[in-house]
Amino acid sequence: MAKDLSWQVPGDSGNTLHIGAWRFEGDGSGPRVHLQAGVHADEIAGMLVLHQLLPRLQACQDRGQLKGSVTVVPQANPFGIGQFRQGRLLGRFHEATGQNFNRAFDHSLAMERPASNLAQWQKSLVQLAADAELVLDLHTDDEALPYLYIHRSFWPEGQVLAAALQVDVVIVWDEGGDGSFEETIIDQGKPRLAATIELRGQADVSDGLAGRDGDGIWAWLCASGVIDEAPVIAQWHGQVVDMGCMETILAPCAGVLVFEKGLGEQAEEGERFARIIRRPGDPASEVVLHAAQTGRMVTRHRERLVSQGSVVAKFTGTRLSEGYSGGVLDP
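Since we're looking at a predicted model, the values are computed, not measured. (Residues numbered from 1 in each chain as written. Predicted model: local features only at pLDDT ≥ 70, side-chain atom pairs only at ≥ 80, totals over all residues. Heavy atoms only, no water.)

Draft legend 1. View of the packing of helix α1 (residues 45-62) against helix α6 (residues 207-223). At their nearest, the axes of α1 and α6 sit 9 Å apart, and the two run at 50° to each other. As the angle between them shows, α1 and α6 are arranged oblique. Crossing hand, α1 versus α6: right-handed. Of α6, the residues touching α1 (which contributes Leu48, Val49, Gln52, Leu53, Arg56, Leu57 and Cys60) are Asp207, Ala210, Gly211, Asp213, Gly214, Asp215, Ile217, Trp218 and Leu221. When the residues that make up the contact of α1 with α6 are grouped by side-chain class, the tally is nine nonpolar, three polar and four charged. (Axes fitted to C-alpha atoms, helices over the stretch in contact; angles between N-to-C directions. Helix = DSSP H or I, 4+ residues; strand = E, 2+ residues; numbered from the N terminus. Parallel < 35°, antiparallel > 145°, perpendicular 65-115°, else oblique. Left-handed = near helix turned anticlockwise from the far one by under 90°. Contact = heavy atoms within 4.5 Å. Nonpolar A, V, L, I, M, F, W, Y, C, P; charged D, E, K, R; others polar.)

As structure tokens, then:
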């Protein structure tokens, strides 16, 4: 049976919060793996993927086909999952401090005694994954194609993962500096591979999609020597883009957001792809948005009433973006 590694942390109001975690041990001949979802608690798709994978891993262990060890944390963030306000889950930022849940993991790890309950949670999560050789952190974007976010040191070796999951785009990064979970794992340990998988958009939660993604992770585990089973992986035809070549388009004003291009569609440099109606009823209030360079729309804003400065869309590109100043993809 899987070993229960669940633990507790104090909540913001003095309550006790629970994090479920399980480890499946094989015969020791394969690598150690850490799989987690829901660090941003409003990104649900990965939780369902790992929920479906748990019984498959148990059956694999029971059959004696598990060569490595696999640690699974299906719902990693107990703080954010409880932040329901007026019918909406606000799971990206810690309400008590305003901190992005996927930032400053490196700071918490440096503390001998974490100064806050949030830092205590972060330190425990990193320590759980610290000895893993293969680490996957499952996220989603607003509305998006499936894409992989991976450090250059793991590319092109990570193409097996991209092919197994059949992601549309791989974004390769070189520098971070924000202390994300993935970055902290890379800095603190020596993983063979650590990557963030963006499983489409926040509303893309279904048994069908989760089954497809679970099959992809399973095939990658087989290919990585974790499971004693021949992997079934189709050829990959996706696109690789350097982090600095991604174009992030911000809303120049608030208003009703109308997309004229769909996810995955190509836009030529200077071509219009959306417009914002600042004052409905006034035709002169429409502001047209244009592609900064030729590329595909990878993500787009989920809400159709946008505030000034919000990320409207992200496009692939082939040259360094004029707006890129280093660091991560998202604020």
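From this point on, the discussion continues.
Draft legend 2. Looking closely at the pattern of salt bridges. In this structure the tally under the stated criterion is 20 salt bridges. When the shortest N-O distance is used, the salt bridge between aspartate 215 and arginine 56 registers 2.9 Å. On the criterion of sequence distance, the pair formed by aspartate 215 in helix α6 and arginine 56 in helix α1 is long-range, its members being 159 residues apart. In this structure arginine 56 comes out as partly exposed when scored by relative accessible area, which is 29%. Of the charged contacts in the structure, one is a salt bridge between aspartate 242 and arginine 152, with a shortest N-O distance of 3.2 Å. Separated by 90 residues along the polypeptide, aspartate 242 in strand β14 (residues 239-242) and arginine 152 in the loop between β11 (147-151) and α4 (159-165) bring together distant segments of the chain. (Salt bridge = Lys/Arg side-chain N within 4 Å of Asp/Glu carboxyl O. Buried < 20%, exposed > 50% of the residue type's maximum accessible area, 1.4 Å probe, protein only.)

Draft legend 3. Molecular detail of the sheet that holds strand β21 (residues 305-306). Pairing is antiparallel in the open sheet, where four strands are placed in the order β19-β18-β16-β21. The open sheet has two edge strands with one neighbour each: β19 (286-290) and β21. Relative to β21, strand β16 (residues 255-259) runs antiparallel, the two being bridged by two bridges. Note on β21: the bridge partner recorded for glycine 255 is valine 306. (Pairing = 2+ DSSP bridges.)

Draft legend 4. Quick look at the packing of aromatic side chains. Under the criterion given, the structure shown has seven aromatic pairs. Relative to tryptophan 121, the ring of phenylalanine 79 lies with its centre 6.0 Å away and its plane at 70°, an arrangement referred to as edge-to-face. With a gap of 42 residues between them, phenylalanine 79 in the loop between β6 (69-73) and β7 (84-85) and tryptophan 121 in helix α3 (residues 117-129) connect regions that are remote in the sequence. Summarising the burial analysis for this pair, phenylalanine 79 and tryptophan 121 share the class buried. Arranged with centres 5.9 Å apart and planes meeting at 15°, the rings of tyrosine 149 and tryptophan 173 form a pair that is stacked. Placement of tyrosine 149 in strand β11 and of tryptophan 173 in strand β12 (residues 169-173) is noted, with a sequence separation of 24 residues between them. Among the aromatic residues, those joined into a ring-pair cluster are Phe79, Phe101, Phe105, Trp121 and Phe181. (Phe/Tyr/Trp six-rings, centres within 6.5 Å; stacked < 30°, edge-to-face > 60°.)

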